[in-house]
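Working through the structure, step by step
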Amino acid sequence: VADEICGPLMAEGRDVLELGCGVGLVGLACARCGAESVVLTDSRPEVLQLATSNARRNDLGDVRVAHLDWAAPEASALAAEGARFSLVVAADCVYAAPGSEAGAALPLAHVIARFLAPDGRALVALDADPKRGAAAVEEVAQFDGAARAAGLRCVLAENRADGVRARVYVKA
């Protein structure tokens, strides 16, 4: 993901939205690569606390943390602001791990389409490693169809031998 952010997609000068940020690694890499602004988002309060702490520790400029529930994106502060982003990134956000909810592919695709600027790009990295189980592989496989249904078009696809699938999407 970092190769794409600092390479062909060039985070430099872009307004970046990271979905399902976890510790904020991808968004903070965007900030390090010269993003104009970065918003790290997740729906879990404990994750947002960790992302906030990491953003402060790294002191990389205009980085903020915001709550975003993919099931209700219009209820977010980002929607109220009318936010649109020239780069949306999501890494390892679609999986069906034991104890987690499956079915993230469609909501994630719709959230990307909702916040992606008309001329923006979305970088999505998905892990379809069979070691995660059949449900996880199926969930990842469903994302491409979910993206099309959400009005996104894949312009670059890479499937690595280790199961990682990297995709770049634009609005169709």
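Nothing here was measured: the structure is a model prediction, and the numbers come from that model. (Residues numbered from 1 in each chain as written. Predicted model: local features only at pLDDT ≥ 70, side-chain atom pairs only at ≥ 80, totals over all residues. Heavy atoms only, no water.)

**Digging into the packing of helix α5 (residues 105–115) against helix α6 (residues 134–149)**
- Put simply, α5 and α6 touch, their axes get as near as 8 Å, and they point 40 degrees apart. The angle between α5 and α6 places the two elements in the oblique class. In this structure, α5 meets α6 at a crossing whose hand is right-handed. Between α5 and α6, the contacting residues are Ala105, Leu106, Leu108, Ala109, His110 and Ile112 on the first element and Glu139, Gln142, Phe143, Ala146, Ala147 and Ala149 on the second.
- Grouping the constituent residues of the contact of α5 with α6 by class yields 9 nonpolar, 2 polar and 1 charged. (Axes fitted to C-alpha atoms, helices over the stretch in contact; angles between N-to-C directions. Helix = DSSP H or I, 4+ residues; strand = E, 2+ residues; numbered from the N terminus. Parallel < 35°, antiparallel > 145°, perpendicular 65-115°, else oblique. Left-handed = near helix turned anticlockwise from the far one by under 90°. Contact = heavy atoms within 4.5 Å. Nonpolar A, V, L, I, M, F, W, Y, C, P; charged D, E, K, R; others polar.)

**Brief notes about the pattern of salt bridges**
- Counted under the stated rule, the structure contains 5 salt bridges.
- For the salt bridge of Arg44 with Asp42, the shortest nitrogen-to-oxygen distance reads 3.3 Å.
- Between Arg167 and Asp144 there is a salt bridge, and its shortest N-O distance comes to 3.3 Å. Of the two residues, Arg167 is situated in strand β7 (residues 164–171) and Asp144 in helix α6; the sequence distance between them amounts to 23 residues.
- Residue Arg167 is classed as buried on the basis of its relative accessible area, which comes to 6%.
- The exposure class assigned to Asp144 is partly exposed, which follows from its relative accessible area of 21%. (Salt bridge = Lys/Arg side-chain N within 4 Å of Asp/Glu carboxyl O. Buried < 20%, exposed > 50% of the residue type's maximum accessible area, 1.4 Å probe, protein only.)

**Remarks on a nonpolar patch on the surface**
- Together, Val23, Leu25 and Leu50 line one region of the surface with nonpolar side chains, adding up to about 280 Å² of accessible area.
- Topologically, Val23 is positioned in the loop between β1 (15–19) and α2 (25–32).
- Owing to a relative accessible area of 43%, Val23 belongs among the partly exposed residues under this scheme. (Patch = residues over 30% accessible without salt bridge, like charges linked within 9 Å, V, L, I, M, F, W, Y side chains within 5 Å. Areas by Shrake-Rupley, 256 points an atom, 1.4 Å probe, with all protein chains shown as cover.)

So yeah, pure geometry; function would need other evidence.
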